[in-house]
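# Residue-level structure breakdown
This is what each chain is made of:
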Amino acid sequence: MKFFKPFYIQPRFFYAAIGIVVLFALSYFIPVLFNIAQLSILVLVLLFLLDFLIIFIGENKIEASRILPDKFSNGDKNQIQITINNHYNFNIHLEVIDEIPEQFQVRDFKIKETINSRKSKNILYHLKPTERGAYHFGSLNIYACSVLNIVAKRFQFNNGDMVPTYPSFLQ
């Protein structure tokens, strides 16, 4: 059952399913659409299975790490770097969700990227702390999709990093 835990169906699948339902509804008035709707279901199921196999064959196809400074400077922009390696044999579409510390009150942090086959990419972003203390990061979540974008696989990295924040030392 662990195999299916990081398994997510993307919105594109549901949009296609809604389109098929509409085709079935219209086939009541235009009978030739019934055969097209049935064929569409078959095509959607085959694409779903193909995308599932493409994304889930093999282990550790995505490697990532969050590189944090030793300490944050209070009131200054501090750089965070995410390094992602693609070990798939095709270009991969990623959605990176970094669980940044609750002190920043950012709940919608999301980065979308595409990484070419067998390549790596560095993503930089900045955080500006406003108070001293310990800033605890959550997991680095990466959702990987193929070009079909029907199924996504979640990869998790760097759970539980902590960075202390000191008075401004960069200025």
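Residues numbered from 1 in each chain as written. Predicted model: local features only at pLDDT ≥ 70, side-chain atom pairs only at ≥ 80, totals over all residues. Heavy atoms only, no water.

## A few points about the packing of helix 1 (residues 11-26) against helix 2 (residues 32-56)
The criterion, for reference: Structural elements are reduced to axes, namely lines fitted to C-alpha atoms, with helices fitted over the stretch in contact, and the angle between N-to-C directions of any two is expressed from 0 to 180 degrees. The way it works is that DSSP assigns letters per residue, a run of H or I at least four long becomes a helix, a run of E at least two long becomes a strand, and they are numbered from the N terminus. Orientation categories follow fixed angle ranges, with anything under 35 degrees roughly parallel, anything over 145 roughly antiparallel, 65 to 115 roughly perpendicular, and all other angles oblique. Each crossing is labelled by how the near helix is turned from the far one, with a counterclockwise turn of less than a right angle marking it left-handed and a clockwise turn marking it right-handed. Contacts were defined at the residue level, with two residues in contact if any of their heavy atoms lie within 4.5 Å.
Two elements in contact, helix 1 and helix 2, have axes whose closest approach is 8 Å; the angle formed by their N-to-C orientations is 165°. As judged from the angle between their axes, helix 1 and helix 2 are roughly antiparallel. Between helix 1 and helix 2 the crossing geometry is left-handed. The residues of helix 2 that touch helix 1, namely those facing Phe13, Ala16, Ala17, Ile20, Leu23, Phe24 and Leu26, are Leu33, Phe34, Ile36, Ala37, Gln38, Ser40, Ile41, Leu44 and Phe48.

## Observations regarding the pairing of strand 10 (residues 151-157)
Counted only if it meets this: Throughout, exposure labels follow a simple rule: accessible area from a 1.4 Å probe, protein chains only, divided by the maximum for the residue type, with under 20% read as buried, over 50% as exposed, and the rest as partly exposed. Strands pair, by our definition, only if DSSP identifies at least two bridges between them.
Among the seven residues of strand 10, six are classified as buried, and the element is accordingly described as predominantly covered. In terms of strand pairing, strand 1 (residues 7-9) meets strand 10 through three bridges, oriented antiparallel. Paired with Tyr8 across the strands is Ala152, a residue of strand 10. Alignment of strand 9 (residues 140-145) against strand 10, held across six bridges, turns out to be antiparallel. Following the sheet pairing, Tyr143 is matched in strand 10 by Arg154. Counted along the chain from strand 9 to the antiparallel partner strand 10, the turn is five residues long, and its residue Asn149 has a positive phi close to 55°.

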